[in-house]
Amino acid sequence: MAIDMIDRRKRLNSLKGWLYLLPAILFLGVFMVYPLIDVFVYSFEEGYNSASQTYFGAGLYNYSYVLHDPYFLQAVRNTFILVIITVPLSTGIALLISLGLSSIKELRNLFQTIFFLPYVTNTLAVGLVFMILFKKTAYSDGLINLLITGFGGSAVDFIDGPYWAKMFVLCFYTIWVVLPFKI
């Protein structure tokens, strides 16, 4: 009799737990799982028209098209380079800041400011700062170019210039933005 009562209580607690999870499960199902399955199904439909909800065939044409598209392949290369560069660098910088926060008491406030600045800064403001740093305008070559020319180098167009310059700005921006989330 006592064992039966304990089993009943366990089942009731288990049911209660599932009832608490039900809103989250429904939310995830409706807004994440269903759209994911829907997009997967649409990816096999050829000539899909979203206005009329019609298509004229099904197959792997879309995948073949994307895998032969030079823009897609360039985007994959850019993403790979971005990840290979930014993940180790941002992790290393975050570890150095963490080490500084824990060991150098005199500079703790400076390191805390450096660490939290990207977290509290508005994205628009960060974009404007990066524009001031890197964009060539009619009035200025950008702050970074002023430093480069000050040390005897030649100015680089970081925004409209060579590929490596654009990737440098993108990597620098990514490291700056993700830094507070690394520690």
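Residues numbered from 1 in each chain as written. Predicted model: local features only at pLDDT ≥ 70, side-chain atom pairs only at ≥ 80, totals over all residues. Heavy atoms only, no water.

Participant: Which residues make up the overall build of the protein, and what are the values?
Facilitator: Summing up its helical and strand segments, the protein has seven helices and two strands in all. What you see in the protein, going N to C, is helices and strands ordered as α-β-β-α-α-α-α-α-α. A compact globule built from 183 residues should have a C-alpha radius of gyration of about 16 Å, whereas the protein, at 26 Å, is more than 25% larger. Over its C-alpha atoms, taken along the principal directions, the protein stretches across nearly 85 × 60 × 25 Å. Relative to its 183 residues, the protein shows a buried fraction of 17%. Of the contacts made within the protein by residues no fewer than 6 positions apart, 41% connect residues no fewer than 24 positions apart. For the protein, the exposed surface amounts to about 14,000 Å²; the carbon and sulfur share of it is 73%. Here the protein holds 12 positive side-chain charges and 10 negative ones, and the gap between their average locations is 15 Å. (Helix = DSSP H or I, 4+ residues; strand = E, 2+ residues; numbered from the N terminus. Rg over C-alpha atoms; globule rule 2.2 N^0.38 Å. Buried < 20%, exposed > 50% of the residue type's maximum accessible area, 1.4 Å probe, protein only. Contact = heavy atoms within 4.5 Å. Areas by Shrake-Rupley, 256 points an atom, 1.4 Å probe, with all protein chains shown as cover. Lys, Arg positive; Asp, Glu negative; His and termini not counted. Charge placed at Lys NZ, Arg CZ, Asp CG, Glu CD.)

Participant: Please set out the layout of surface pockets residue by residue, giving values where relevant.
Facilitator: As a volume, the largest pocket reaches approximately 190 Å³. For the largest pocket, the full set of lining residues is Ile85, Leu89, Ile93, Ile114, Trp164, Met167, Phe168, Cys171, Phe172, Ile175, Trp176 and Leu179. Put simply, the parts of the chain that give the lining of the largest pocket at least two residues each are helix H3 (70-103) and helix H7 (163-178). Of the residues forming the lining of the largest pocket, the biggest block, seven residues, is contributed by H7. Across the lining of the largest pocket, the residue classes tally to twelve nonpolar, no polar and no charged. (1 Å grid on protein atoms, 1.4 Å probe; cavity = no way out; pocket = protein on both sides within 12 Å on 5 of 7 lines; lining within 4 Å. Points joined across faces, edges and corners; volume = space filled by probe spheres on them. Nonpolar A, V, L, I, M, F, W, Y, C, P; charged D, E, K, R; others polar.)

Participant: Before we move on, could you go through H7 and cite the residues and values that matter?
Facilitator: Its 16 residues place the ends of H7 22 Å apart at the C-alpha level, agreeing with the 22 Å of an ideal helix rising 1.5 Å per residue. Within the span of H7, buried status applies to Ala165, Met167, Val169, Cys171, Thr174 and Ile175. (Expected span 1.5 Å × (residues − 1).)

Participant: Give me the packing of aromatic side chains: which residues, what numbers.
Facilitator: Tallied over the full model, the rule gives twelve aromatic pairs. Between Phe40 and Phe44, the aromatic rings sit 5.0 Å apart at their centres with planes inclined by 85°, giving edge-to-face as the arrangement. Under the relative-accessibility criterion, Phe40 is labelled partly exposed at 49%. On the basis of relative accessibility, which here comes to 26%, the residue Phe44 falls in the partly exposed class. (Phe/Tyr/Trp six-rings, centres within 6.5 Å; stacked < 30°, edge-to-face > 60°.)

Participant: Talk me through the packing of helix H5 (residues 123-134) against H7; I want residue IDs and the actual numbers.
Facilitator: At their nearest, the axes of H5 and H7 sit 12 Å apart, and the two run at 145° to each other. In this structure, H5 meets H7 at a crossing whose hand is right-handed. Residues Thr123, Val126, Phe130 and Phe134 of H5 form the contact with H7, whose own contacting residues are Phe168, Val169, Phe172, Tyr173 and Trp176. Broken down by class, the residue content of the contact of H5 with H7 amounts to eight nonpolar, one polar and no charged. (Axes fitted to C-alpha atoms, helices over the stretch in contact; angles between N-to-C directions. Left-handed = near helix turned anticlockwise from the far one by under 90°.)

Participant: Tell me about the side chain of Glu45, and please be specific about residues and values.
Facilitator: Structurally, Glu45 can be placed in strand S1 (residues 45-46). Despite its burial, Glu45 pairs with no opposite charge; the closest candidate is Arg77, at 29 Å N-O. Ignoring anything within four residues of it in the chain, the contact list for Glu45 reads Tyr55, Gly57, Ala58 and Asn62. (Salt bridge = Lys/Arg side-chain N within 4 Å of Asp/Glu carboxyl O.)

Participant: Outline the environment of Gly153, supporting the account with residue identities and numerical values.
Facilitator: In this structure, Gly153 sits in the loop between helix H6 (143-150) and H7. Overall, Gly153 belongs to the partly exposed group, its relative accessible area being 34%.

Participant: Which residues make up a nonpolar patch on the surface, and what are the values?
Facilitator: On the surface, a nonpolar cluster with roughly 790 Å² of combined accessible area is contributed by Phe27, Leu28, Val30, Phe31, Met32, Val33, Ile37 and Val41. As for its placement among the helices and strands, Val41 is situated in helix H1 (residues 2-42). (Patch = residues over 30% accessible without salt bridge, like charges linked within 9 Å, V, L, I, M, F, W, Y side chains within 5 Å.)

Participant: Let's hear about the packing of H5 against H6: which residues, and what values?
Facilitator: Running from N to C, H5 and H6 point in directions that differ by 30°, and their axes come no closer than 4 Å. Comparing their axes, H6 and H5 come out roughly parallel. Note on element contacts: H6 touches H5 through Leu143, Ile144 and Asn145, opposite Ile132, Leu133 and Phe134. Among the residues making up the contact of H5 with H6, the classes are represented as five nonpolar, one polar and no charged. (Parallel < 35°, antiparallel > 145°, perpendicular 65-115°, else oblique.)

This is a description of form; function is not addressed.
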